[in-house]
Amino acid sequence: MTKTAFITGIAGQDGAYLARFLLGKGYNVHGLIRWDSAHEPYEGKSRINALRLDHKNLTLHLGDITDANAVTSLIKKIEPDEIYNLAALSQVHVSFQTPASTLDINTNGTLNILEAVRILGMEKSVRIYQASSSEMFGSTPPPQNEASPMMPCSPYGVAKLAAYHLARTYREAYGLFVCNGILFNHESPLRGEDFVTRKIARAVVEFEQGRTEPMKLGNLDAIRDWGFAGDFVEGMWLMLRHKVADDFVLSSGDAHSVRTFVERAFAYIGVEIEWEGEGVEEQGIDANTGRVMVDIDEALFRPLEVNHLLGDASKAAKTLGWAPETDFEALIGMMINEERQLPKDGSNTWLKAG
Ligand code: NAP
Ligand code: F7E
């Protein structure tokens, strides 16, 4: 029988990849999209278009995860077999500027989904994926797995941790089939433009095409475990195939600093970066020409930083048979190659997904 999935945050990076994945598996896919993401030139609509999701089995619904009544009536109407709750304020740095709305979207939004399923009596018919995050580990030393202490360092991390506990509580109290996917950073050509990997990939291609202004970055020494979003959405789906609801870390298991990401991205276009200076005076220089390619901007540092994330996804490997396919170098190459295809006038952000 054809399954029906409801994806909140479908216009985001993961939502677009997951929708494509589920449509490929024959699902009917319903997606929640905020009204201002539904119009050009916003990234959300571009992502949907980019993946050629103009598909007979795809239905988009305008709405907001913070609107409890609307979420409940939508779930009642759609009658999904699976709900993937991906909607979030996902920019960690922005969450310091908008802490209250971050909690409203990321925590209360999750509660709205859980409550809707409970109130509608769908506990036994719906399986729920909750998009939890490695940001919940915060200052806990690496490697981090499902048993590691959670010490978040941002309003985003705190909001996601509260949502994680709500999901766990509804699972234990009401028997909801809800899995927390504790995902480490995952990127793609569809990554939002204010995340560091996309920002670097874009700048590198701009240099290739004649840019002269140095790019500005914040903390170069933060270490992240970066994987490819296309690999990770399959892991979300696998969690909902498991016989019991559980929580799983998904990660590449390979961590690098932002500095290394910069070096490898420039190396991809044949530029060797040398670092000179210290602190906010540090600069990334083209070793051949002496040109300044990277400057540090103090404003891009966060009030509190997560220094080192390195995931241990052995539980997902053993229990779900999940393993990422795209490594660090392949991810950088994919992001730069897709960035090269963008129109030079920046008139739209349509991409062919990898
Ligand atoms: P994303 O690209 O920022 O997508 C999030 C989506 O949620 C956006 O389309 C956004 O719409 C939507 N949204 C925001 N506020 C909303 C609201 N009030 N009502 C309905 N939709 C709303 O993030 P992503 O990278 O795809 O991540 C997907 C999920 O996984 C998020 O929950 C994120 O926190 C979590 N996560 C991501 C990573 C990662 O490395 N990518 C790692 C761990 C966890 P607008 O575009 O209109 O704002
Ligand atoms: O930052 C540093 C920054 O914004 C990565 C989200 O998907 O993954 C993501 O959160 C690192 C940080 O991602 C700039 O300080 C330096 O240490 O790309 P990011 P994030 O904060 O790790 C987690 C798992 C999620 O759940 C989140 O939703 O890069 N950094 N210079 C910079 N970061 C940005 N954005 N911009 C800079 O110029």
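That block above? That's the structure.
A few points on the structure.

Attention now goes to the site of ligand 1. By nearness alone, 24 residues border ligand 1, and D14, S37, S90, Y156 and K160 come closest of all. Between G12 and ligand 1, the recorded distance is 3.1 Å, taken from a backbone N or O atom to an oxygen atom. Out of a free accessible area of 880 Å², ligand 1 has 90% covered by protein chains. Put simply, the parts of the chain that give the shell around ligand 1 at least two residues each are α1 (13-24), β5 (127-133) and α6 (155-174). With three residues, β5 is the largest single contributor of residues to the shell around ligand 1. Looking at the shell around ligand 1, its residues break down into ten nonpolar, nine polar and five charged.

Turning our attention to the site of ligand 2. Neighbouring ligand 2 are 22 residues, the closest being S90, S133, Y156, R302 and E305. Here an oxygen atom of ligand 2 and a side-chain polar atom of Y156 are 2.7 Å apart. Within the side chain of E305, an N or O atom sits 2.6 Å from an oxygen atom of ligand 2. Of the residues that constitute the shell around ligand 2, the class distribution is nine nonpolar, six polar and seven charged.

Attention now goes to the sheet that holds strand β11 (residues 248-250). Spatial strand order, β3-β2-β1-β4-β5-β6-β11: seven strands in an open sheet with parallel pairing. One side of each edge strand has no neighbouring strand; the edge strands of this open sheet are β3 (58-62) and β11. Within the sheet, the average angular offset between the axes of one strand and its neighbour, ignoring direction, is 20°. For strand β1 (residues 4-8) and strand β2 (residues 28-33), the ladder comprises five bridges, and the chain directions are parallel. The partner of T8 across the bridge, within β2, is L32.

Where α1 meets helix α8 (residues 229-241), the closest approach of the two axes is 9 Å, and the angle between their N-to-C directions is 65°. For the pair α1 and α8, the crossing hand works out as right-handed. Listed contacts from α8 to Q13, D14, Y17, L18, F21 and L22 of α1 are A229, G230, V233, E234, M236 and W237. Each residue belonging to the contact of α1 with α8 can be placed in one class, and the counts come to eight nonpolar, two polar and two charged.

Cut-offs used in this document
- Residues numbered from 1 in each chain as written.
- Chains lettered and ligands numbered in written order.
- Predicted model: local features only at pLDDT ≥ 70, side-chain atom pairs only at ≥ 80, totals over all residues.
- Heavy atoms only, no water.
- Near = heavy atom within 4 Å.
- Polar contact = N/O pair within 3.5 Å; in protein donor to acceptor, adjacent residues only side chain to side chain.
- Areas by Shrake-Rupley, 256 points an atom, 1.4 Å probe, with all protein chains shown as cover.
- Helix = DSSP H or I, 4+ residues; strand = E, 2+ residues; numbered from the N terminus.
- Nonpolar A, V, L, I, M, F, W, Y, C, P; charged D, E, K, R; others polar.
- Pairing = 2+ DSSP bridges.
- Axes fitted to C-alpha atoms, helices over the stretch in contact; angles between N-to-C directions.
- Left-handed = near helix turned anticlockwise from the far one by under 90°.
- Contact = heavy atoms within 4.5 Å.

Note that all results are geometric; they support no functional claim without further evidence.
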